[in-house]
Amino acid sequence: MNLEIIRGFQKKARAFEDEAHHILSAHESSQSRIVSLDHTRRRLNILSLQQDELFQQALACIEKGVFRAAHVMAWAGFIDFLEQKLSSDGLVKVKKVRVGWESYKTIEEIREKVPEHQLIEVAFDVGLLSRNEMKSLLGLLSKRNECAHPSGYKPGLNESLGYVS
């Protein structure tokens, strides 16, 4: 009987914590916003283990205030996801719209030889992205580049949470 009481208290404590994070996440500088983002990410069951790990690392960077690194890790998770989608048919559609890429046997070969902006453009060409999505992703790639290379760009909590989401 005591074990049932303890479990009941644990359940109530978890519900309280979830509700507190939900309420606090509305405040721009609240670290609870990270927890809310993590709950959202957990609902994305289409991610591979590698992609999940990369997004977990991005969230860990945000928790520690290492915002530029968070952008880089989130981009790595996204681009891996995009490459997975592009290669899901054995690169048939990709090679159809990029004749010069016929010599590439795997997405790994393409990753090594082709700039990421071209991967985004080919995703549009094969119908994975709309024109607006392509433009947005090219903007996100630009932000990732600013974070990955020396620049004056210093994202904060809000920019980083927005980027990862």
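The preceding data block contains the structure.
Since the structure is predicted, the reported quantities are computational estimates derived from the model, not experimental observations. (Residues numbered from 1 in each chain as written. Predicted model: local features only at pLDDT ≥ 70, side-chain atom pairs only at ≥ 80, totals over all residues. Heavy atoms only, no water.)

*Asks:* What am I meant to see in the overall build of the protein chain here?
*Replies:* If you tally the helices and strands in the protein chain, you get nine helices and zero strands. N-terminal to C-terminal, the α/β element order of the protein chain is α-α-α-α-α-α-α-α-α. For the protein chain, the accessible surface area stands at approximately 10,400 Å², while carbon and sulfur atoms represent 55% of it. (Helix = DSSP H or I, 4+ residues; strand = E, 2+ residues; numbered from the N terminus. Areas by Shrake-Rupley, 256 points an atom, 1.4 Å probe, with all protein chains shown as cover.)

*Asks:* Is there a simple way to think about the nonpolar core in this case?
*Replies:* In globular proteins that are soluble, nonpolar side chains generally tend to be buried together. Counting residues in each nonpolar core, the largest one holds 35 residues, and the members touching the most others are Ile62, Leu86, Val94, Trp101, Ile110, Ile120 and Val164. Elements with a contribution of two residues or more to this core: helix H3 (49-63), helix H4 (67-86), helix H6 (107-113), helix H7 (116-125), helix H8 (131-148) and helix H9 (157-164). In contact with Ile120, not counting residues within four places along its chain, are Trp75, Leu82, Leu129, Met134, Leu137, Leu138 and Leu141. (Core = buried A, V, L, I, M, F, W, Y, C linked by side-chain atoms within 4.5 Å. Buried < 20%, exposed > 50% of the residue type's maximum accessible area, 1.4 Å probe, protein only. Contact = heavy atoms within 4.5 Å.)

*Asks:* I'm lost on the side chain of Ser160 in this one. Help?
*Replies:* For Ser160, the location among the structural elements is in helix H9. On the basis of relative accessible area, Ser160 is assigned to the buried category, the value being 0%.

*Asks:* For this particular structure, what's the right way to read the pattern of salt bridges?
*Replies:* Here the idea is simple: oppositely charged side chains can pair when their charged atoms come close. Considering all chains together, one arrives at five salt bridges under this definition. Between Arg111 and Glu83 there is a salt bridge, with its nearest N and O atoms 2.6 Å apart. One end of the pair, Arg111, is in helix H6; the other, Glu83, is in helix H4, with 28 residues separating them in the sequence. Of the charged contacts in the structure, one is a salt bridge between Arg144 and Glu116, with a shortest N-O distance of 3.3 Å. Of the two residues, Arg144 is situated in helix H8 and Glu116 in helix H7; the sequence distance between them amounts to 28 residues. Of the residues examined, Arg144 reaches a relative accessible area of 17% and is grouped as buried. (Salt bridge = Lys/Arg side-chain N within 4 Å of Asp/Glu carboxyl O.)

*Asks:* What is the right way to read the side chain of Arg144 from this model?
*Replies:* Here the side chain of Arg144 touches Glu116 through a polar contact of 3.3 Å, side chain to side chain. One polar contact links Arg144 to Asn145, side chain to side chain, over a distance of 2.6 Å. Discounting residues that sit within four places of it in the chain, Arg144 has contacts with His71, Val72, Trp75, Glu116 and Tyr163. (Polar contact = N/O pair within 3.5 Å; in protein donor to acceptor, adjacent residues only side chain to side chain.)

*Asks:* Explanation requested: the packing of H7 against H8 in the structure shown.
*Replies:* Geometry of a packed helix pair, given as the angle between the helix axes and the separation of the axes. Where H7 meets H8, the axes come as close as 9 Å, and the angle between the chain directions of the two elements is 170°. Accordingly, the angle class assigned to the pair H7 and H8 is roughly antiparallel. Within the contact between the two elements, H7 uses Glu116, His117, Ile120, Glu121 and Phe124 and H8 uses Arg131, Met134, Leu137, Leu138, Leu141 and Arg144. Across the contact of H7 with H8, the residue classes tally to six nonpolar, one polar and four charged. (Axes fitted to C-alpha atoms, helices over the stretch in contact; angles between N-to-C directions. Parallel < 35°, antiparallel > 145°, perpendicular 65-115°, else oblique. Nonpolar A, V, L, I, M, F, W, Y, C, P; charged D, E, K, R; others polar.)

*Asks:* Help me understand the packing of aromatic side chains, please; the structure alone is not making it clear to me.
*Replies:* When we look at a pair of aromatic rings, we describe it by the centre distance and by the angle of the planes. Using the criterion set out here, one finds two aromatic pairs in the structure. Ring centres 5.3 Å apart and planes at 50° place the aromatic pair Trp75 and Phe78 in the tilted group. Taken together, the residues span about one helical turn, with Trp75 and Phe78 both in helix H4 at a distance of three residues. Seen in terms of ring centroids, Trp101 and Tyr104 are 6.5 Å apart; in terms of plane orientation they differ by 65°. Their pairing is edge-to-face. (Phe/Tyr/Trp six-rings, centres within 6.5 Å; stacked < 30°, edge-to-face > 60°.)

*Asks:* Even after reading the chapter, I still don't get H7, so can you show me in this structure?
*Replies:* Since the α-helix packs 3.6 residues into each turn, any two residues three or four apart lie on the same face. Of the residues making up H7, those classed as buried are Leu119, Ile120, Val122 and Ala123. All buried residues of H7 lie within an arc of 165° about the axis, which places them on one face of the element. Here the buried face of H7 lies against H4, helix H5 (92-97), H6 and H8. Gly127, located one to two residues past H7, shows a positive phi value of around 90°. (Arc of directions from axis to C-beta.)

*Asks:* Just to check I follow, could you spell out the environment of Gly65 for this structure?
*Replies:* You can see Gly65 is positioned in the loop between H3 and H4. For the pair Gly65 and Gly156, spaced 91 residues apart in sequence, the C-alpha separation works out to 8.0 Å.

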